[in-house]
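Chain by chain, the residues:
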Amino acid sequence: MVAMYFVGAGSLMALAFAACMFVRVRREPGGNPEMLRISGAVQKGANAYLRRQYKGVGIFFAAVFVILLVMAFCGFLSFFTPFAFLTGGFFSGLSGFIGMRTATMANCRTAQGSSRNLNKGLRVAFSAGSVMGFTVVGLGLLDLTVWYFILNMAFGALPESQRIAQITANMLTFGMGASSMALFARVGGGIFTKAADVGADLVGKVEAGIPEDDPRNPAVIADNVGDNVGDVAGMGADLYESYVGSIVSTAALAVAAGYGVKGVAVPMMLAALGVLASILGTFFVKTEEDASQKNLLKALRTGTYISAALVVAAAYAAIRILLPDHMGIYAAILSGLAAGVLIGAVTEYYTSDTYNPTRKLAASSRTGGATVIISGLSLGMLSTVAPVVIVGVSVLISYYCSGGSADFNAGLYGVGVSAVGMLSTLGITLATDAYGPVADNAGGIAEMTHMPEEVRQRTDALDSLGNTTAATGKGFAIGSAALTALALIASYIDKVKQIDPSLSMDLSITNPTVLIGLFIGGMLPFLFAALTMEAVGEAAQSIVVEVRRQFREIKGLMEGKAEPDYGACVDMCTISAQRLMVAPAMVAVIIPVAVGLLLGPEGVSGLLAGNTVTGFVLAVMMANAGGAWDNAKKYIESGQLGGKGSEEHKAAVIGDTVGDPFKDTSGPSINILIKLTSMVSIVFAGLIVAVHLL
């Protein structure tokens, strides 16, 4: 119980630090009236989108709440689950909203800071990203802490061993709300941002030949809005879900392994220690004027690595105090941390133009758009090898060092702890990711307000760095999703056994129901990716038509004598995103329940395994290919291989246009899919055990 007070203090510390960073950003000067006007337009569009999204999501949550309440009355669920479902979704959405609000406030301030020097621009953008990072971890830990104390009082009459079992069994179902909110935020925001981005690029840069972020482009404000609702609010909700999911699944596995209250406290203590380490790490993020791309990246990496080193030291003390007879668990924590760092490094290698893969991709533009597409797909597929090996090695180390050879449940607990270890420094890791869209918007404002050339050069440097950190952040999110999903699958199987101890599950692949589940699960990420890609294409087509119409019909627009109708593109993206995100979201919720009612718990186990394997590989491929296409284009724009407006540049823009939904819509959303299907399966486990055809 004492440990939980420390966890609660950690959540308040994270929220207090986020508040301090918010105040710091707000006190920075916002620039001239034109900069403030454009920033206000972006903020207005983002707020309008989120209001419409939350209304639609509210209907979904109300419907699911009623379903869960009926299931609770029928005895399939605890009565706490429907209400915890709401709080999980609320805190997930709130974290995304706060991060987005800060980012839209910080864009003009980053541009103004860049007019002073590069380090000032970096610090403002990173401070804004820190608000997102520490709000996510603070609200996540707050939600878990409050519910822990509520459940501890509710089951206070039970002996400690039974009480902690009831607490973790109930908390395990709480992640469905966060997962559902994350999926809507990621898919809806991804459709919005990429529809606007693709529409703006195809007509503005390719057809009209005007620069990126040119104020004459009617889709430019929608593009900037999309950066915030997709890459800030969406990413925040995504990692909130991974963070909470890894902790609650590991807590449930602690009970199965026989570690009791102290075992449950380990993942929560690790998360709280990570908050303190991340706060200290932020003070080491700084750079000097005229820093190279490599030096800028080093500035952000320094803070992340210092935070990880602090967690390494603190985690040893935590395990020594809580589980001194099981120090192998410490090795599992180290393996998770190392896996996160290595996956980030691999992602950086394949997506940064500092390294050979992206430069070779840029060189393929000499022979046209088709070879750019072929080379990018090849790069993305090749980039899956190392992350799969890294995750596989991490799982082996975690499982066997935690005692898996002697106790299966102890090994699974080690795998769960490694996922928490990877996510322990989420505060600063997410800050480096959320920094990117702020820098991107700052560059747009510098372009639209005709700031001096050196300012645009600085914001371009920060933006290019943001592309790399965003790609690295996506790799980190996907890697953490894979480990979290493995822990959730183990928790699902344990949940089924708790519901019906007499049930004998044959999980061998020769079991027809398991095999069918594997095939369905393996297909699910491709179906999901197809639906989200199609949604982006359909929404982008409407934006292309609208931008062409305005270029054609608004007299003086191309000469800069008339202002485009920015609001029309924002409204079209908002309406399209809300309509087109429904089908992918429903697939993630309905299919695991339908498979369970047809094939039973064994079929669901197969589905979760197949979904996790193909989902992880497909998400890595799409995210890395998209990131490489984007940075190959920027490498050419920097003056390499022809520069802006060249034939090489036009070919690279085609690759970047294809890569946009890869890296910002479908790829990142798949990692939510593999966790949401597990969460849905856990919540509906009671119904599936009681009612299934096979």
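In every chain, residue numbers begin from 1 and rise along the written sequence. With the structure being a predicted model, the display of local features is reserved for residues of pLDDT at least 70 and the display and counting of side-chain atom pairs for 80 or more, all residues being used for whole-chain, interface and lining totals. Only heavy atoms go into the side-chain values, all of them from the structure, while hydrogens and water stay out.

As recorded in an unreviewed UniProt entry, the chain goes by the name Putative K(+)-stimulated pyrophosphate-energized sodium pump, listed as coming from Enterocloster bolteae 90A9. UniProt positions are given in the numbering used here, feature names are shortened, and annotations may be inferred rather than shown by experiment. Note on the chain: under the UniProt heading Function (unreviewed entry), the record states "Sodium pump that utilizes the energy of pyrophosphate hydrolysis as the driving force for Na(+) movement across the membrane." Recorded under Catalytic activity (unreviewed entry), the UniProt text for the chain is reproduced unchanged: "Na(+)(in) + diphosphate + H2O = Na(+)(out) + 2 phosphate + H(+)".

S.K.: Even after reading the chapter, I still don't get the overall build of the chain, so can you show me in this structure?
M.R.: The numbering of helices and of strands both runs from the N terminus, where a helix is a DSSP run of H or I of at least 4 residues and a strand a run of E of at least 2. Each helix and strand counted, the chain has 22 helices and 0 strands in total. In terms of overall dimensions, the chain is globule-like: its C-alpha atoms have a radius of gyration of 24 Å, near the 26 Å expected for 694 residues. Along the three orthogonal principal directions, the C-alpha set of the chain runs to about 75 × 50 × 40 Å. Burial status across the chain gives 64% buried among its 694 residues. A separation threshold of at least 6 residues defines the contact pool for the chain, and within that pool the share at least 24 residues apart is 84%. Counting only carbon and sulfur atoms, one obtains 65% of the accessible surface of the chain, whose full area is about 23100 Å². His residues and chain termini do not enter the charge count, which takes Lys and Arg as positive and Asp and Glu as negative. Each charge is placed at NZ for Lys, CZ for Arg, CG for Asp and CD for Glu. Charge-centre separation for the chain: the mean point of 44 positive side chains lies 5 Å from the mean point of 48 negative side chains. We compute the radius of gyration over the C-alpha atoms and compare it with the globule rule, which gives 2.2 Å times the number of residues raised to the power 0.38. Accessibility here uses a 1.4 Å probe with only protein chains present; expressed as a share of the type maximum, an area under 20% marks a residue as buried, one over 50% as exposed, and anything in between as partly exposed. Here, residues are in contact when the closest pair of their heavy atoms is within 4.5 Å. Computed with a 1.4 Å probe, the accessible areas rest on the Shrake-Rupley method; for each residue, only the protein chains presented here act as cover.

S.K.: For this particular structure, what's the right way to read the packing of aromatic side chains?
M.R.: Describing an aromatic ring pair means giving the distance of the ring centres and the angle of the ring planes. A pair of aromatic rings is counted whenever rings of Phe, Tyr or Trp (Trp by its six-membered ring) have centres within 6.5 Å, and the orientation is called stacked for planes under 30 degrees apart, edge-to-face for over 60 and tilted otherwise. Inspection of the entire model under this criterion finds 20 aromatic pairs. Site record: aromatic cluster; members linked through ring pairs are Phe60, Phe61, Phe85 and Phe184.

S.K.: Explain the packing of helix 2 (residues 33-73) against helix 16 (residues 426-448) here, please?
M.R.: The relative placement of two packed helices comes down to the angle between their axes together with the axis-to-axis distance. Geometry is summarised by axes, namely lines fitted to C-alpha atoms with helices restricted to the contacting stretch, and by angles between N-to-C directions that run from 0 to 180 degrees. Packing of helix 2 against helix 16 leaves a shortest axis separation of 10 Å and a crossing angle of 135°. When the interaxial angle is binned, helix 2 and helix 16 end up oblique. For the element pair helix 2 and helix 16, the recorded crossing hand is right-handed. Contacts between helix 2 and helix 16 involve Met35, Ile38, Ser39 and Val42 on the former and, on the latter, Asn441, Ile445 and Met448. Oblique is the label for every angle not falling under 35 degrees (roughly parallel), over 145 degrees (roughly antiparallel), or within 65 to 115 degrees (roughly perpendicular). Handedness of a crossing is defined here by the sense of rotation of the near helix relative to the far one, left-handed for an anticlockwise turn of less than a right angle and right-handed for a clockwise turn.

S.K.: Hey, could you run me through helix 21 (residues 647-683) in this one?
M.R.: At 3.6 residues per turn, the α-helix brings residues three or four places apart onto the same side. The end-to-end C-alpha distance of helix 21 is 54 Å, a good match for the 54 Å that 37 residues give at a rise of 1.5 Å each. Here the bend at a residue is taken as the angle between two axes, fitted respectively to the seven residues that end there and the seven that start there. If you look at helix 21, its biggest bend is around 35°, right at Gly659, and the proline Pro661 turns up within four residues after that. Burial analysis of helix 21 places 32 of its 37 residues in the buried class, the great majority of the element. By this rule, a helix spans an expected 1.5 Å times one less than how many residues it contains.

S.K.: What is the right way to look at the UniProt feature "site: Determinant of potassium dependence" (unreviewed entry) in the chain in this model?
M.R.: The feature "site: Determinant of potassium dependence" (unreviewed entry), as given by UniProt, occupies Ala470 in the numbering adopted here. The topology assignment puts Ala470 in helix 17 (residues 453-499). We classify Ala470 as buried; its relative accessible area is 15%.

S.K.: What is the right way to look at the environment of Ile319 in this model?
M.R.: Take Ile319: it is sitting in helix 10 (residues 293-322). Accessibility expressed as a relative area gives 1% for Ile319, which makes it buried. C-alpha separation for the pair Ile319 and Tyr330, spaced 11 residues apart in sequence, amounts to 6.5 Å.

S.K.: Please explain the nonpolar core as it appears in this structure.
M.R.: Note that soluble globular proteins tend to have their nonpolar side chains buried in a common cluster. One finds Met171, Ile191, Ile221, Tyr243, Tyr413, Leu426 and Phe684 to be the most contacted residues of the largest nonpolar core, which totals 222 residues. Counting residues per element, this core draws most heavily on helix 20 (residues 582-637), which supplies 24 residues. Apart from residues no more than four positions distant in its own chain, Met171 is found in contact with Leu144, Tyr148, Leu151, Val248 and Met268. Among buried residues, the Ala, Val, Leu, Ile, Met, Phe, Trp, Tyr and Cys ones that are joined through side-chain atoms within 4.5 Å form a nonpolar core.

S.K.: Help me out: how do you make sense of a nonpolar patch on the surface in this one?
M.R.: Each patch is built from salt-bridge-free residues with over 30% relative accessible area, joining like charges within 9 Å and nonpolar side chains (Val, Leu, Ile, Met, Phe, Trp, Tyr) within 5 Å. For this analysis, a salt bridge means a side-chain nitrogen from Lys or Arg found within 4 Å of a carboxyl oxygen belonging to Asp or Glu. A cluster of nonpolar side chains, Leu382, Val385, Val389, Val393 and Ile397, forms an exposed patch at the surface whose accessible area comes to about 410 Å². With respect to the helices and strands, the residue Ile397 is situated in helix 14 (residues 385-401).

S.K.: I'm lost on the packing of helix 8 (residues 233-256) against helix 9 (residues 260-282) in this one. Help?
M.R.: Close contact between helix 8 and helix 9 brings their axes to 6 Å; oriented N to C, the two are set at 155°. In terms of orientation, helix 8 lies roughly antiparallel with respect to helix 9. Considering only the axes of helix 8 and helix 9, their crossing is right-handed. For the pair helix 8 and helix 9, contact is made by Tyr243, Ile247, Thr250, Ala251, Ala254 and Val255 and by Gly260, Gly263, Val264, Pro267, Met268, Ala271 and Val275, respectively. Across the contact of helix 8 with helix 9, the residue classes tally to 10 nonpolar, 3 polar and no charged. Residues were grouped as follows: Ala, Val, Leu, Ile, Met, Phe, Trp, Tyr, Cys and Pro as nonpolar; Asp, Glu, Lys and Arg as charged; and all remaining residues, including Gly, as polar.

S.K.: Teacher, can you tell me more about the pattern of salt bridges here?
M.R.: Oppositely charged side chains can form a pair if their charged atoms are brought close together. Scanning all chains against the criterion turns up 16 salt bridges. Between Asp660 and Lys194 there is a salt bridge; the shortest N-O distance is 3.5 Å. Of this pair, Asp660 sits in helix 21 while Lys194 sits in helix 6 (residues 175-208), and the two are 466 residues apart along the sequence. Per residue, the accessibility class of Asp660 equals that of Lys194, and both read buried. Linking Arg549 and Glu546 is a salt bridge whose minimum nitrogen-to-oxygen distance equals 2.7 Å. One end of the pair is Arg549 and the other is Glu546, both in helix 18 (residues 512-553) and 3 residues apart, which spans about a single turn. Arg549 gets classed as partly exposed once you look at its relative accessible area, which sits at 28%. Via salt bridges that share partners, Lys194, Asp630, Lys633, Asp656, Asp660, Lys663 and Asp664 belong to a single interconnected network.

S.K.: Sorry if this is basic, but what is going on with the environment of Ile279 here?
M.R.: Locating Ile279 in the fold gives a position in helix 9. In the structure, Ile279 is positioned 148 residues away from Gly427 in sequence and 7.6 Å away in space, judged by C-alpha atoms. Not counting residues within four places of it along the chain, the set of residues in contact with Ile279 comprises Met13, Phe17 and Phe134.

S.K.: Even after reading the chapter, I still don't get unusual backbone geometry, so can you show me in this structure?
M.R.: Comment: phi is negative for the bulk of residues other than glycine, and the bulk of peptide bonds are trans. You will see that His450, though not glycine, has its phi angle at about 55°, which is positive. Checked against the element boundaries, His450 lands in the loop between helix 16 and helix 17.

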